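Each chain, written out:
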Amino acid sequence: MAGSQSDSEPEVYRPAAAASNRPVAPPPPSAQGGYTPPPSASAQQALELYSPSSRPASPPPVRSVEEQPPPPPTQTRPPAVQRTPPPTPIAKDPEHATGPAPRRSVPPPPPPAVTPVAVRPPRGAVAAESAAAMAPATGVGAAKGIRWKGELGEVAEESEATEEEADLVEETLREAPSWLISLVIHLIVLLLLALLASPAGQRLGRVVLTLGPASEPSDSDELSEFAMEDPMDSMVESFDEQPVDTPVEVPMPSEIPAIDLPEPEAIEAMEVPIMAGNLPIKPMVTGRSGAMKSALLAAYGGDESTVEAVELGLKWLQRQQRRDGSWSLTGPYMDGASSENKAAATAMALLAFQGDGNTHKSGPYAKEVERGTKFLLKQQDREGFFAKGTRVRHARAYAQAQCTIALCELYAMTQDSWLREPAQKAVDYAEAAQSELGGWRYEPGQGADLSVTGWFVMALESARSGGLDVDPQVMYKVDEYLDTVQAYDGAAYSYQARGTPSPTMTAEGLLCRQYLGWQRDHPALVEAVETIVAKYNFDIDEGNYYYWYYATQVLHHYGGKPWSSWNARMKPQLTGAQVRAGSEAGSWSPQGSRWGSSGGRLYTTCLAIYCLEVYYRHLPLYALNQPPAAPPAPREPGPDDFIPGGGF
């Protein structure tokens, strides 16, 4: 009966006959002490017989069937663990025994298992010798039973060949560089993709790739050539198989009957409104210096008197600049404004310097322009608003629009990247502040009036001229708003919708119409220009600098006789009203003028300088001295029409 087997002790096979006929030897003394008898002569002979080194070349004598031990039961051998093998039990051979059969002793139990130490497996011949040394002894109790001399050699050779092959593959993979392995893998992937992408690969259902050592040696390392089928061949064959159409002759009539067509109806002329995206970008500030300035000055009626008056006015403004680069509406000059608005005062002074060709980079007043521009940039917040320091509510919108004009004009003149971001931010604020009515007023997005709207239109036009981003829809809404404040089909304008038209608001509305695309021969523009020249021509006694500022620009763009008539009155009267002596030399007094008390001396001086710079300040919108269109048909004046003596 087979003994039990544990994880640490190999099972010892004991034949049933030997276990029943022989007495069981007493167990050996403990490992701590006691005498262990030497092996007997028969045991020594058995050791020599089963030892691999002393095994004879000839096979051992054949035993009888009765003496052959039965094979051991089949068992699953546990994984090999490096340990000290227990002593192999020695079975006594009856044929070599002398004398009476001695009593067979039971082998001692194996010593306790020793925890093996992880050792790297040997290679080659060393691995074979190590495997031979670690293999369990053959004979009774072995896993396969009794192994004879011939079988052991074959097993060793097969094991050695298998281990050498595995070691060779492992060593090759280990010593190969990583880039070579990556290259081989990528080449294989590329070949597979090329094969699948080709026409030949489209007919493949599945591709199986097996990697590993070749089972049979190859006779040649050269690549085999193969031919790929051209897909055009099959297409040509399919076209050849198509049936050919046979031409059929169709009789043509000799005469084609005439078809009566209705007479075309008369096409009436239709006025196309200004659409977003159709607004042309007009140059504005390219004639302020150099030869262009001199040519425009002579072409539009300027002379030495206007140049001298502008120079005196700029010198007066230079003396009024403060240490922080700003200007003030309240002083330190005489006749200041009733309330302060430093943002508006600084912007208006900068517009006067820039209108004569000065920038922060060039011109005799470049230093003043640079200081004033830096002051404005310090006032601008993240949303692009400049007039946060202005206390008067209704003055903030004017200041914001004037600061935007000054910054956009300076960027258009210099294209300095330092100014692009703040100028664009100011434009974005103006677009966001537009109300649903299409105009602007004192608070962003609330209401509209033509006075504030005119300044913002000039700001956006200056931005468009300089190449800044302006939403065309904003300008289209302005055109719609002007329709709500116009009268007489656009020949007159009022402060707000359903209001009374006035010369001042008419001039401001006409200037917006000119920049929004009205042509010079527009009937409403022609009628309004003729009315201004005939009934509301320049008169210094009126003291309306605000009206003069807008009317001068409208007539300058229009040109021709209306402009000549206006300029013939404006040039001598305005230059003659300039202060020529004293501490205020170069300025224009606000006394007796409209809104003089609210704007002050700086306000009237800047507007007067704009009028005298008009010859070159903005390029004319229409051709030079273009004749006016035919005058419109006469009509009866309305009750709200502005007529001579009607006032402003």
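Thresholds, definitions, all that
Residues numbered from 1 in each chain as written. Predicted model: local features only at pLDDT ≥ 70, side-chain atom pairs only at ≥ 80, totals over all residues. Heavy atoms only, no water. Helix = DSSP H or I, 4+ residues; strand = E, 2+ residues; numbered from the N terminus. Buried < 20%, exposed > 50% of the residue type's maximum accessible area, 1.4 Å probe, protein only. Contact = heavy atoms within 4.5 Å. Arc of directions from axis to C-beta. Salt bridge = Lys/Arg side-chain N within 4 Å of Asp/Glu carboxyl O. Core = buried A, V, L, I, M, F, W, Y, C linked by side-chain atoms within 4.5 Å. pLDDT = per-residue confidence, 0-100. Expected span 1.5 Å × (residues − 1). Polar contact = N/O pair within 3.5 Å; in protein donor to acceptor, adjacent residues only side chain to side chain. Phe/Tyr/Trp six-rings, centres within 6.5 Å; stacked < 30°, edge-to-face > 60°. Lys NZ or Arg CZ within 6 Å of the ring centre and 35° of its normal. Patch = residues over 30% accessible without salt bridge, like charges linked within 9 Å, V, L, I, M, F, W, Y side chains within 5 Å. Areas by Shrake-Rupley, 256 points an atom, 1.4 Å probe, with all protein chains shown as cover. Axes fitted to C-alpha atoms, helices over the stretch in contact; angles between N-to-C directions. Parallel < 35°, antiparallel > 145°, perpendicular 65-115°, else oblique. Left-handed = near helix turned anticlockwise from the far one by under 90°. Nonpolar A, V, L, I, M, F, W, Y, C, P; charged D, E, K, R; others polar.

## Re the overall build of the protein
Then, number 1: Check the secondary structure of the protein and you find 21 helices and 2 strands.
Then, number 2: By residue count, 37% of the 648 residues in the protein fall in the buried class.
Then, number 3: Long-range contacts, defined as pairs at least 24 residues apart, comprise 71% of the intrachain contacts of the protein with a sequence gap of at least 6.

## Brief notes about helix H8 (residues 290-299)
Then, number 1: Within H8, burial applies to Lys 293, Leu 296 and Leu 297. All buried residues of H8 fall inside an arc of 105° around its axis, so they share one side. Of the residues in H8, the exposed ones pointing more than 90 degrees away from the buried face are Ala 291 and Ala 298.
Then, number 2: Structurally, H8 contributes buried residues whose contacts are with helix H9 (304-320) and helix H21 (614-617).
Then, number 3: Of the residues one or two after H8, Gly 301 is the one with positive phi, at around 95°.

## Regarding the pattern of salt bridges
Then, number 1: What the rule picks out here adds up to 14 salt bridges.
Then, number 2: Across the pair Glu 370 and Lys 374 runs a salt bridge whose closest N-O atoms are separated by 3.2 Å. Placement of both Glu 370 and Lys 374 in helix H11 (residues 366-379) is noted, with a separation of 4 residues, approximately one turn of the helix.
Then, number 3: Take Glu 370: its relative accessible area is 30%, and that puts it in the partly exposed class.

## Examining the nonpolar core
Then, number 1: Formed by 118 residues in total, the largest nonpolar core has its most connected members in Leu 317, Trp 566, Leu 574 and Leu 602.
Then, number 2: Each residue touching Trp 566, except ones within four places of it in the same chain, is listed here: Ile 532, Tyr 536, Asn 537, Phe 538, Tyr 547, Trp 548, Ala 551, Thr 552 and Leu 555.

## Digging into unusual backbone geometry
Negative phi values dominate among residues other than glycine, just as trans dominates among peptide bonds.
Then, number 1: Cis rather than trans, the peptide bond between Gly 331 and Pro 332 has omega equal to 20°.
Then, number 2: Relative to the elements of secondary structure, Pro 332 occurs in the loop between H9 and helix H10 (342-355).
Then, number 3: One non-glycine residue, Asp 335, lies in the positive phi region at around 60°.
Then, number 4: Relative to the helices and strands, Asp 335 is located in the loop between H9 and H10.
Then, number 5: Here the phi dihedral of Tyr 488 falls at roughly 55°; this positive angle occurs in a residue that is not glycine.
Then, number 6: The topology assignment puts Tyr 488 in the loop between strand S1 (486-487) and strand S2 (492-493).

## Here's the deal with the confidence of the model for the protein
Then, number 1: Residue-level pLDDT values for the protein average 75, and 58% of them are 70 or greater.
Then, number 2: Here residues 40-68 is a poorly scored stretch, pLDDT under 50, and it has 28 contacts once near neighbours within four places are set aside; other chains count.
Then, number 3: Below a pLDDT of 50 lies the segment residues 269-277, which in the model reaches 11 contacts outside its immediate sequence neighbourhood of four places, other chains included.

## A word on the environment of Gly 384
Then, number 1: For Gly 384, the position within the fold is in the loop between H11 and helix H12 (393-414).
Then, number 2: Taking the C-alpha atoms as reference points, Gly 384 and Glu 421, 37 residues apart in sequence, are found 9.8 Å from one another.
Then, number 3: In this structure, Gly 384 is in contact with Gln 400, Lys 425, Ala 426 and Tyr 429, ignoring residues within four places of it in sequence.

## Some words on the side chain of Thr 346
Then, number 1: Within the secondary structure, Thr 346 sits in helix H10.
Then, number 2: What Thr 346 contacts, discounting residues up to four positions off in sequence, is Gly 325, Ser 326, Trp 327, Gly 372, Phe 375 and Leu 376.

## With respect to H12
Then, number 1: For H12, which comprises 22 residues, the first-to-last C-alpha distance of 33 Å matches the rise-based estimate of 32 Å (1.5 Å per residue) to within 8%.
Then, number 2: Most of H12 sits inside the fold, with 18 of its 22 residues counted as buried.
Then, number 3: Directly after H12, the chain includes Gln 415, whose backbone phi takes a positive value near 55°.

## Considerations on the side chain of Asn 544
Then, number 1: Among the secondary structure elements, Asn 544 is positioned in the loop between helix H17 (523-535) and helix H18 (545-558).
Then, number 2: In terms of polar contacts, Asn 544 uses its side chain to reach the side chain of Thr 504, at 3.2 Å.

## A closer look at the environment of Ser 583
Then, number 1: Within the secondary structure, Ser 583 sits in the loop between helix H19 (560-576) and helix H20 (596-612).
Then, number 2: Note on Ser 583: relative accessible area 55%, which makes it exposed.
Then, number 3: When the C-alpha atoms of Ser 583 and Trp 316 are compared, they prove to be 8.7 Å apart, with 267 residues separating the residues in sequence.
Then, number 4: Those residues within four positions of Ser 583 in sequence are excluded, and the remaining contacts are Trp 316 and Arg 319.

## Details of the packing of aromatic side chains
Then, number 1: Counting across every chain of the model gives 17 aromatic pairs.
Then, number 2: Measuring from centroid to centroid gives 6.1 Å for Trp 563 and Tyr 615, while their planes differ by 65°, and the two rings are edge-to-face. Linking Trp 563 in helix H19 with Tyr 615 in helix H21, this pair joins segments that are 52 residues apart in sequence. Each member of the pair, Trp 563 as well as Tyr 615, is classed as buried.
Then, number 3: Ring-pair connections join several aromatic residues into one group, and the members of that group are Trp 455, Tyr 546, Tyr 549, Tyr 550, Trp 595 and Tyr 610.
Then, number 4: In this structure, Lys 293 packs its charged tip against the face of Tyr 616, placed 4.8 Å from the ring centre.

## A short note on a nonpolar patch on the surface
Then, number 1: A contiguous nonpolar patch, built from Trp 179, Leu 180, Ile 181, Leu 183, Val 184, Ile 185, Leu 187, Val 189, Leu 190 and Leu 193 and spanning about 910 Å² of accessible area, is present on the exposed surface.
Then, number 2: Secondary-structure assignment places Val 184 in helix H5 (residues 178-197).

## Thoughts on the environment of Tyr 549
Then, number 1: Mapping Tyr 549 onto the fold places it in helix H18.
Then, number 2: For the pair Tyr 549 and Cys 611, spaced 62 residues apart in sequence, the C-alpha separation works out to 5.9 Å.

## Some points on the packing of helix H14 (residues 450-465) against H18
Then, number 1: The interhelical angle for the contact between H14 and H18, taken along N-to-C directions, is 45°, at an axis separation of 13 Å. Looking at the two axes, H14 sits oblique to H18. Two packed elements cross with a definite hand, and for H14 against H18 that hand is left-handed. When H14 is examined against H18, the residues Ser 451, Gly 454, Trp 455 and Met 458 are found in contact with a partner set consisting of Tyr 546, Tyr 549, Tyr 550 and Gln 553.
Then, number 2: Across the contact of H14 with H18, the residue classes tally to 5 nonpolar, 3 polar and no charged.

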